[in-house]
Amino acid sequence: MGKALLIGGNNASVASGSETNFFGALSNSTESNCQYSATEGADFTGLGVRIASGGSGSNTVQFRKNGANGQNVVSRTGAGTAEDTTHTDTLSAGDLFNLAMTDTGTTPNFRWFRANVQFASGHGCFHAAASVATCDVPSSTRYLPISGTLVADGQATIANVQWKNRGYTSLEAFQIFVNSNLRLNDSVFSVNINGVDVGTPITFGAGATGLQTVTGMGISLADGDLICISMTLGAGLEDLVLFRTGATLKSTNNNSDAVCGSAFGSSITASGTPTYVTAAGSLLNLSDEANQRVKVGFAARIKNLRCYLSANTYSANATLKLMVNGSAVITTTITASGGAGWYENSSDYYDIDDNDEISYEIVGGTSGSITVHSIGVTFAEIPASGPVQKGSHSLLGVGA
């Protein structure tokens, strides 16, 4: 399979001259605030964007490498999708990357940014949560996600930010970006697996800011492990402004995950009218499926459609569906009044082509609401021994 998928969800009007990346929902006028460290050598292809509205002039999104223009670039006028199908940006380990945006007309509303990434060694993907989060809770440990958006002070409830791993066998690196720091003592960040801090931590001393990265971690991951980042602040109420948390995950099985998330949680009221969510990035629940669907960019077997809810008061069953090209192909049942927990379809799969587009749909419940913190799927290789299986199929007895 080789490639993995990067998606940053924004749904924001982004002014000309802004910078962003393929993670969460952060845009900023200062490039260094949006740069992500490629802790693995990698090729980036297929830069794509979706403009939902606005953008009456020429809207250009440029891949940036170490503060200079890269090869991938897209431009379009008005609402719709644009993709670079020609260029490749090759990065070495430690290179910095981001996206730069310019326009010549009304401000465009970007729904998402996407690209494919292929590591030079092994298979994996970069994951990150990105947004502005001011943290000042004293003498406490809080928790942060590795995908989607952050929340002020982090989460006191670790389950709300953990991602249930199905695709990866190791965590190789993690990184933290602090934009400003008025704290008078150390602020410590650690990879957390199943509620336990592991590996070398990142420490920001008093007043320290910028990007810090730990590489070569080699933390083994098992199927079902719960992944997040812990943040421990010392005494004092001084502000630390966090812009980004990230991790590099790899798989010896050529699997990867696509995750959308919200550390704060997204409330969805029961309704017979569907709500649609972008396949990864920030968890945007909106009514227009066409603007949410994203091209995957490689053939794969999609499986383990799952979500984490911190609350569920639906009076009747609802459904989370994987949509491919606008049609439902896998369904996970959100059981009525099922409470907090993971809801997952671990039996069914669907095989896609490289041009297929995916999104998520939530519908039903009759009354009540749910609070969603993460939704995602796992991409696996299509077995060479069998044909592509269109339609929903069971994993039982299948070598996937």
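Quick caveat: nothing in here was measured; it's all calculated off a predicted structure.

**A few points about the overall build of the protein**
1) Next: The helix and strand tally for the protein stands at 1 helix and 30 strands.
2) Next: For the protein, the C-alpha radius of gyration of 20 Å lies close to 21 Å, the compact-globule estimate for 400 residues.
3) Next: Dimensions along the principal axes, computed over C-alpha positions, put the protein at roughly 55 × 45 × 40 Å.
4) Next: Residues counted as buried form 58% of the 400 residues belonging to the protein.
5) Next: Taking the contacts inside the protein whose residues are at least 6 apart along the sequence as the reference set, 78% of them involve residues at least 24 apart.
6) Next: Surface exposure of the protein reaches about 13,300 Å², of which carbon and sulfur atoms provide 46%.
7) Next: Counting 20 positive and 30 negative side-chain charges, the protein places the averaged centre of each group 4 Å from the other.

**Description of the side chain of His123**
1) Next: Of note, His123 is situated in strand 11 (residues 123–135).
2) Next: For His123, the side chain forms a polar contact with the main-chain oxygen of Gly2, separated by 3.0 Å.

**Thoughts on the pairing of strand 16 (residues 196–204)**
1) Next: Strand direction decides the pairing type here: strand 15 (residues 187–193) and strand 16, joined by 6 bridges, are antiparallel. Across the sheet, residue Ile193 finds its bridge partner in strand 16, namely Val196.
2) Next: Here strand 15 folds back onto strand 16 in antiparallel fashion, the turn holding 2 residues, of which Asn194 has a positive phi close to 55 degrees.

**Quick look at the pattern of salt bridges**
1) Next: Scanning all chains against the criterion turns up 12 salt bridges.
2) Next: One salt bridge in this structure joins Glu31 and Arg64, with 2.8 Å as the shortest N-O distance. A residue pair is termed long-range when its members are at least 10 positions apart, and Glu31 in the loop between strand 2 (19–20) and strand 3 (36–37) and Arg64 in strand 5 (residues 58–65) qualify at 33 residues. Just as Glu31 is buried, Arg64 falls in that class too.
3) Next: Glu361 is the partner of Lys321 in a salt bridge, and the nearest nitrogen-oxygen pair spans 3.8 Å. Note that Lys321 is positioned in strand 26 (residues 318–324) and Glu361 in strand 29 (residues 357–380), a separation of 40 residues in sequence.
4) Next: With a relative accessible area of 7%, Glu361 lands in the buried category.
5) Next: When salt bridges with common partners are traced through the structure, they connect Lys164, Arg166, Asp223 and Glu344 into a single cluster.

**Quick notes on the side chain of Asn304**
1) Next: By secondary structure assignment, the location of Asn304 is in strand 25 (residues 300–312).
2) Next: Residue Asn304 is classed as buried on the basis of its relative accessible area of 8%.
3) Next: A polar contact is formed between the side chain of Asn304 and the side chain of Glu344, at a distance of 2.7 Å.
4) Next: Sequence-distant contacts of Asn304, defined by excluding residues within four places in its chain, comprise Arg166, Glu344, Asn345, Ser346, Asp348, Gly376, Val377 and Thr378.

**Comments concerning the confidence of the model for the protein**
1) Next: This prediction gives the protein a mean pLDDT of 94; 96% of its residues lie at or above 70.
2) Next: Scored below 50 in pLDDT, residues 396–400 makes 6 contacts in the model with residues more than four places away or belonging to other chains.

**What about the nonpolar core?**
1) Next: Counting residues in hydrophobic clusters, the biggest one holds 63 residues, and the most contacted among them are Phe97, Phe126, Phe174 and Phe189.
2) Next: In terms of residue count, the dominant contributor to this core is strand 11 (7 residues).
3) Next: Excluding residues that lie within four positions of it along the chain, Phe189 makes contacts with Leu144, Phe174, Ile176, Pro201, Ile202, Phe204, Ile229, Ser230, Met231, Leu240 and Leu242.
4) Next: One finds Ile268, Phe298, Ile330 and Tyr360 within the second-largest nonpolar core, a separate group that totals 38 residues.

**What about the packing of aromatic side chains?**
1) Next: If you walk through the whole model with that rule in mind, you get 18 aromatic pairs.
2) Next: Between Phe44 and Phe126 the ring centres are 6.4 Å apart and the planes differ by 10 degrees, which places this aromatic pair in the stacked class. Of this pair, Phe44 sits in strand 4 (residues 42–53) while Phe126 sits in strand 11, placing them 82 residues apart in sequence.
3) Next: Residue class for Phe44 comes out buried when judged on its relative accessible area of 1%.
4) Next: Clustering of aromatic rings is evident, with ring pairs tying together Phe22, Phe23, Tyr36, Phe44, Phe63, Phe97, Phe119 and Phe126.
5) Next: If you follow Arg301 out to its NZ or CZ, it ends over the ring of Tyr349, 3.9 Å from the centre.

Rules used in this analysis
- Residues numbered from 1 in each chain as written.
- Predicted model: local features only at pLDDT ≥ 70, side-chain atom pairs only at ≥ 80, totals over all residues.
- Heavy atoms only, no water.
- Helix = DSSP H or I, 4+ residues; strand = E, 2+ residues; numbered from the N terminus.
- Rg over C-alpha atoms; globule rule 2.2 N^0.38 Å.
- Buried < 20%, exposed > 50% of the residue type's maximum accessible area, 1.4 Å probe, protein only.
- Contact = heavy atoms within 4.5 Å.
- Areas by Shrake-Rupley, 256 points an atom, 1.4 Å probe, with all protein chains shown as cover.
- Lys, Arg positive; Asp, Glu negative; His and termini not counted.
- Charge placed at Lys NZ, Arg CZ, Asp CG, Glu CD.
- Polar contact = N/O pair within 3.5 Å; in protein donor to acceptor, adjacent residues only side chain to side chain.
- Pairing = 2+ DSSP bridges.
- Salt bridge = Lys/Arg side-chain N within 4 Å of Asp/Glu carboxyl O.
- pLDDT = per-residue confidence, 0-100.
- Core = buried A, V, L, I, M, F, W, Y, C linked by side-chain atoms within 4.5 Å.
- Phe/Tyr/Trp six-rings, centres within 6.5 Å; stacked < 30°, edge-to-face > 60°.
- Lys NZ or Arg CZ within 6 Å of the ring centre and 35° of its normal.

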